[in-house]
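Below, each chain spelled out in residue letters.
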Amino acid sequence: MKQLLSLVILLTVLMSCSSVGRNNEKNISLIQNYVEAIENFDHEVMSDLLDDNYLGLGPSFGDSIGKEQAVENWKYNVDNLYEKIDYTRTRNAAITISSGENQGEWVSNWSELYITYKDGRGTVAIWANSIYQIQDDKILKSYTFYNEADALRQLGYVFFNPNDL
């Protein structure tokens, strides 16, 4: 009787659990494939992994981009700006948000990136965090954060307050 009661309690607990974590490994693998596509400049794989309704937000407040524009921007950057991109110290964490506006399955990728620019412009090192919402095995939404001013400073740009001129 004790064993039966324990089994009933265990089944009740398991059945009451949501799908939280059910797709974590699959979602992390999806993001790893996306990062690999970025490193390999493979816009076709990138496009395949983005949902048709994809919305990319960031790095600046108010920045947003859809799938078609994101892929076209990436093609332009590969053809004109980037010689090489290396993700190092990459870490991923998966979570399911069970309620609210951003309900769904998410993967956060934080990395140290080295971006080498064409035409001798140099290499920048940045810390970047991208948070991806996954739906139906595609990236539906992303938020990307990194210090744009630091990347530009590493390329030799100088910032000044126009009021000081």
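Our structure is the block above this text.
What counts and what doesn't
Residues numbered from 1 in each chain as written. Predicted model: local features only at pLDDT ≥ 70, side-chain atom pairs only at ≥ 80, totals over all residues. Heavy atoms only, no water. Core = buried A, V, L, I, M, F, W, Y, C linked by side-chain atoms within 4.5 Å. Buried < 20%, exposed > 50% of the residue type's maximum accessible area, 1.4 Å probe, protein only. Helix = DSSP H or I, 4+ residues; strand = E, 2+ residues; numbered from the N terminus. Contact = heavy atoms within 4.5 Å. Pairing = 2+ DSSP bridges. Salt bridge = Lys/Arg side-chain N within 4 Å of Asp/Glu carboxyl O. Patch = residues over 30% accessible without salt bridge, like charges linked within 9 Å, V, L, I, M, F, W, Y side chains within 5 Å. Areas by Shrake-Rupley, 256 points an atom, 1.4 Å probe, with all protein chains shown as cover.

Trainee: Break down the nonpolar core for me, with residues and values.
Mentor: If you look at the biggest cluster of nonpolar residues, it comprises 29 residues, and the most contacted ones within it are Tyr34, Ile85 and Ile139. Breaking this core down by element, the ones donating at least two residues are α2 (24-39), α3 (43-49), β1 (50-57), α4 (67-80), β3 (82-97), β4 (104-117) and β5 (122-135). Residue contributions to this core peak at six residues, all from α2. The residues contacting Tyr34, other than those within four sequence positions of it, are Met46, Leu49, Leu50, Tyr132 and Ile139.

Trainee: Account for the pairing of β4, naming residues and giving values.
Mentor: Along β4, twelve of the 14 residues are buried, which leaves the element largely enclosed by surrounding structure. Here β3 pairs with β4 via 13 bridges, running antiparallel. What sits directly across from Arg91, in β4, is Trp110. Remark: six residues form the turn of the hairpin made by β3 and β4, two consecutive strands paired antiparallel; Gly100 in that turn has positive phi of roughly 95 degrees. Across 13 bridges, β4 lies against β5 in antiparallel orientation. Residue pairing in the sheet places Trp106 in a bridge with Gln133 of β5. The turn joining β4 and β5, which pair antiparallel and follow one another in sequence, is formed by four residues; a positive phi near 60 degrees is taken by Asp119.

Trainee: Which residues make up the pattern of salt bridges, and what values go with them?
Mentor: When charged atoms on two side chains of opposite charge get close, those side chains can pair. One pass over the full model with this rule turns up seven salt bridges. Measuring nitrogen to oxygen at the nearest pair gives 3.0 Å for the salt bridge that ties Asp137 to Lys26. Of this pair, Asp137 sits in the loop between β5 and β6 (138-145) while Lys26 sits in helix α2, placing them 111 residues apart in sequence. The class of Asp137 is partly exposed, set by a relative accessible area of 44%. With a closest N to O distance of 3.1 Å, Lys67 and Asp52 form a salt bridge.

Trainee: So, a nonpolar patch on the surface: which residues are in play, and what are the values?
Mentor: On the surface, a cluster of nonpolar side chains totalling about 320 Å² of accessible area is made up of Leu152, Tyr157 and Phe159. Positionally, Leu152 belongs in helix α5 (residues 148-154). Overall, the relative accessible area of 33% leaves Leu152 in the partly exposed class.

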